Amino acid sequence: MAIGNFDGVHLGHRSLFALACRRAAESGLESAVLTFHPHPLKLLFPSRRIFLITAFKRKVDLIASSHIDNLIIAPFDHQFADLTADDFARQVLARHLGAAIVVVGNNYTFGRNREGSVARLCELGKKYGFRVEIAPQFQLDGELVSSTKVREAIMQGEIERAARFLGRECAISGRVVHGKGRGRGIGFPTANLVSEVELYPKEGVYAVWVEHRDQRFMGVMNIGR
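Quantities reported herein were computed from a predicted structural model and do not represent experimental measurements.

### Describing the layout of surface pockets
In step 1: Put simply, the second largest pocket is a space of about 1,400 Å³.
In step 2: Forming the boundary of the second largest pocket are 43 residues, of which Asn5, Asn107, Tyr108, Thr109 and Arg114 lie nearest the centre.
In step 3: Residue assignment for the lining of the second largest pocket shows that the elements contributing at least two residues are helix 1 (11-27), helix 2 (40-44), helix 4 (78-81) and helix 7 (147-155).
In step 4: Ranked by the residues each element gives to the lining of the second largest pocket, the list is headed by helix 1, at 4 residues.
In step 5: Class assignment for the residues of the lining of the second largest pocket results in 21 nonpolar, 17 polar and 5 charged.

This is the structure in structure tokens:
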């Protein structure tokens, strides 16, 4: 079982999933990913913009494409947030989910006020009957891949760099809404997109592919005024 928020589902996350799949196969077990909805920071700091890389449905689809047997989505509410590190290990991982091997990154924290560290998780694993494996940090061309670096690259307009970290094209998904009809006056159709994702590239004009109803079109996207 791999545990995390996995915003962006970048190459580092996928390496964590691959390790969980390998350990499951070696032990004759099913692989699983445990993630949370909404993102914990959304609950704990409701007025703060979190700048998530992927919408929740998109994150689910990306995890599902990573050859994981089971995706477990824990509803992150105030009761869940109040679990101590010991409660989380005993009630959630051991009792409810029956985890045999838990795979986490080296900076993983858990429990109320993030009181639990990787070292603490290893202690609790011995106590409650699961093994903990710390996944090695994933690097690309000598650079550590992280959600923070993906976020920074997108916000700075460095789309190619962000795509390298993600292992796929950068994308914004959303719902088309009515605008002011300016497209009709310049001779080609336009679509105004509203997305639940808070993270957009730096203001500017971008060459894009537009996917709609299983069709792909070349397009231009304007972000900003």
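### Describing the packing of helix 7 against helix 8 (residues 159-166)
In step 1: With their axes 7 Å apart at the nearest point, helix 7 and helix 8 run at an angle of 155 degrees to one another. Taken as axis vectors, helix 7 and helix 8 run roughly antiparallel relative to one another. For the element pair helix 7 and helix 8, the recorded crossing hand is left-handed. Counted together, Lys149, Val150, Ala153 and Ile154 of helix 7 and Arg161, Ala162, Phe165 and Leu166 of helix 8 form the full contact between these two elements.

### Description of unusual backbone geometry
In step 1: Backbone torsion omega between His37 and Pro38 reads -5 degrees, so that peptide bond is classified as cis.
In step 2: Examined against the element boundaries, Pro38 turns out to sit in the loop between strand 2 (32-37) and helix 2.
In step 3: Not every positive phi belongs to a glycine, and Arg114 is a case in point at roughly 55 degrees.
In step 4: Structurally, Arg114 can be placed in the loop between strand 4 (101-104) and helix 6 (118-128).
In step 5: Taking relative accessible area as the criterion, Arg114 reaches 62% and is therefore assigned exposed.
In step 6: For Asp214, which is not a glycine, the phi torsion comes out positive at approximately 65 degrees.
In step 7: Among the structural elements, Asp214 can be located in the loop between strand 10 (204-212) and strand 11 (215-223).
In step 8: Given a relative accessible area of 86%, Asp214 falls into the exposed group.

Conventions adopted
- Residue indices follow the written sequence of each chain, beginning from 1 at its first position.
- Only residues with pLDDT of 70 or above have their local features reported here, since the model is predicted, and side-chain atom pairs are shown and tallied only from 80 upward, although totals for entire chains, interfaces and linings are computed over all residues.
- With hydrogens and water set aside, each side-chain value is computed from the structure's full complement of heavy atoms.
- Cavity and pocket criteria rest on a 1 Å grid covering protein atoms alone: a 1.4 Å probe that fits but cannot get out defines a cavity, protein on both sides within 12 Å along at least 5 of 7 lines defines an open pocket, and an atom within 4 Å of a point defines a lining residue.
- Grid points are joined across faces, edges and corners, and a volume is the space filled by probe spheres set on the points.
- Counting from the N terminus, the helices are DSSP H or I runs at least four residues long and the strands are E runs at least two residues long.
- In this classification, the charged set is Asp, Glu, Lys and Arg, the nonpolar set is Ala, Val, Leu, Ile, Met, Phe, Trp, Tyr, Cys and Pro, and all remaining amino acids, among them Gly, are polar.
- Orientation is described by axes fitted as lines to C-alpha atoms, over the contacting stretch for helices, and by angles from 0 to 180 degrees between their N-to-C directions.
- Under this scheme an angle from 65 to 115 degrees is roughly perpendicular, one under 35 degrees roughly parallel, and one over 145 degrees roughly antiparallel; angles in between are oblique.
- Take the far helix as your reference; a near helix turned counterclockwise from it by less than a right angle gives a left-handed crossing, and one turned clockwise gives a right-handed crossing.
- Two residues form a contact once any of their heavy atoms are found within 4.5 Å.
- We call a residue buried when its accessible area falls under 20% of the maximum for its residue type, exposed when it is over 50%, and partly exposed in between, using a 1.4 Å probe and counting protein chains only.

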